[in-house]
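Fold and geometry: a report
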Amino acid sequence: MKLAFSTLGVPGLPLPDVLRLATAHGYHGVELRTHPEEPVHTGLGPAERADVAAEFKGAGVELLSLAGYARVAAPGDDEPVLAEIRALVDLAHDLGAPYVRVFPGGDLDVQSPEEADATAARRLGTAAEHANDLGVRILLETHDSHRTAADAMRILGLVGHRQVGALWDVMHTWLGGEQPSETYAALSPHLGYVQVKDIASVEDTTPLPLGQGVLPLAECVEVLSRHNWDGWLCWEYEKRWYENATPLPDILDAGREHLSRLLNESA
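Residues numbered from 1 in each chain as written. Predicted model: local features only at pLDDT ≥ 70, side-chain atom pairs only at ≥ 80, totals over all residues. Heavy atoms only, no water.

1. Brief notes about empty space enclosed by the protein
Let me state the cut-off plainly: Cavities and pockets are defined on a 1 Å grid built over the protein atoms alone: a cavity is a set of grid points where a 1.4 Å probe fits but cannot escape, while a pocket is an open set with protein on both sides within 12 Å along at least five of seven lines, and lining residues are those with an atom within 4 Å of any such point. Grid points are joined across faces, edges and corners, and a volume is the space filled by probe spheres set on the points. A run of H or I in DSSP counts as a helix once it spans at least four residues, and a run of E counts as a strand once it spans at least two, with each numbered from the N terminus. Amino acids outside the nonpolar list (Ala, Val, Leu, Ile, Met, Phe, Trp, Tyr, Cys, Pro) and the charged list (Asp, Glu, Lys, Arg) are all regarded as polar, and Gly is one of them.
For the structure shown, the criterion picks out two cavities of 30 Å³ or more. In this structure, the largest cavity spans a volume of roughly 60 Å³. If you trace the largest cavity, you find it lined by Thr-7, Val-10, Leu-13, Leu-15, Val-18, Leu-32, Arg-33, Glu-38, Pro-39 and Val-40. Of all the secondary structure elements, the ones that give two or more residues to the lining of the largest cavity are α1 (15–25) and β2 (29–33). Each residue belonging to the lining of the largest cavity can be placed in one class, and the counts come to seven nonpolar, one polar and two charged. Its volume calculated, the second largest cavity comes out at about 30 Å³. Lining the second largest cavity, in full, are Trp-168, Val-170, Thr-173, Trp-174, Glu-178, Gln-179, Pro-180, Thr-183, Pro-216 and Cys-220.

Following this line, the structure appears as structure tokens:
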């Protein structure tokens, strides 16, 4: 498995500095948080996009994914959501990223679960055609209204398109009460990559250095290794939302060493 980290852990950091962190600390790739407050977003012009792609190539670091914020199950009209996904897919194509991340984002106060599932599946099925043309895969993250693999599969089963897959966020499936073996069994035919992290407890989701919290990272890695899964583990350290958390650059080495140890122990 290859290791990456998300720029959610280094909010606003210029791309050259992000790439230096990756090479200095032994990470193979980077997941770019794609938002207007970040250096890379869908508003970039053609020259800027070419520069970003060239910077990754020059650094020898892979651009794993663009982590966008489209909410595919959200109530309302389809077109604004589809436009947001199309813009993200276009950017991924221009930068050479194989994946884009979307959220479920259903609102079960105003939707039934069936309505949320159908809305998400309809939008993803439509967006999949554009993604297919550009060679980009849309990944639905286990998150918010659909935090478990069982939840996500209600949507993915309706979509049934190879360009739409799953992103396993280990915190959300754990908070939803799923065991790693259950999550993997459900998501494995659709799995793009895995986001790892650590937290103190159900009540306190402040990000911690990997291995210092309660999330079942060893079990997750063991399940993946047992099934010879050889994709990406991406450390999503949520510094953007927790200002007082330890700066990510200070713990990147320890995080890589922890994941490498888990991989060795599960081999």
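Moving on from the coordinates now.
2. Topic: helix α9 (residues 252–266)
Counted only if it meets this: Here, expected helix span is obtained from the residue count minus one, scaled by 1.5 Å. Any residue under 20% of the maximum accessible area for its type is buried, any over 50% is exposed, and the rest in between are partly exposed; the area is computed with a 1.4 Å probe on protein chains only. For this quantity, the arc is that covered by the directions from the helix axis to the C-beta atoms. By definition in these notes, contact holds between two residues if any of their heavy atoms fall within 4.5 Å.
For α9, spanning 15 residues, the distance from its first C-alpha to its last is 21 Å, which sits close to the expected 21 Å at 1.5 Å a residue. Residues of α9 that are buried include every one of Leu-252, Gly-255, His-258, Leu-259, Leu-262, Leu-263 and Ser-266, and no others. The arc that holds the buried residues of α9, viewed along the axis, is 135°, so those residues lie on one side. Along α9, exposed side chains directed more than 90 degrees from the buried face belong to Asn-264 and Glu-265. Those residues of α9 that are buried are in contact with β1 (2–6), α1, β7 (191–196), α8 (217–226) and β8 (232–235).

3. Here's the deal with unusual backbone geometry
For Asp-144, which is not glycine, the phi dihedral falls at a positive 35°. Within the secondary structure, Asp-144 sits in the loop between β5 (137–141) and α5 (149–159). Phi angles above zero are rare outside glycine, and Asn-228 is one such case at about 55°. Mapped onto the fold, Asn-228 is located in the loop between α8 and β8. With a relative accessible area of 68%, Asn-228 lands in the exposed category.

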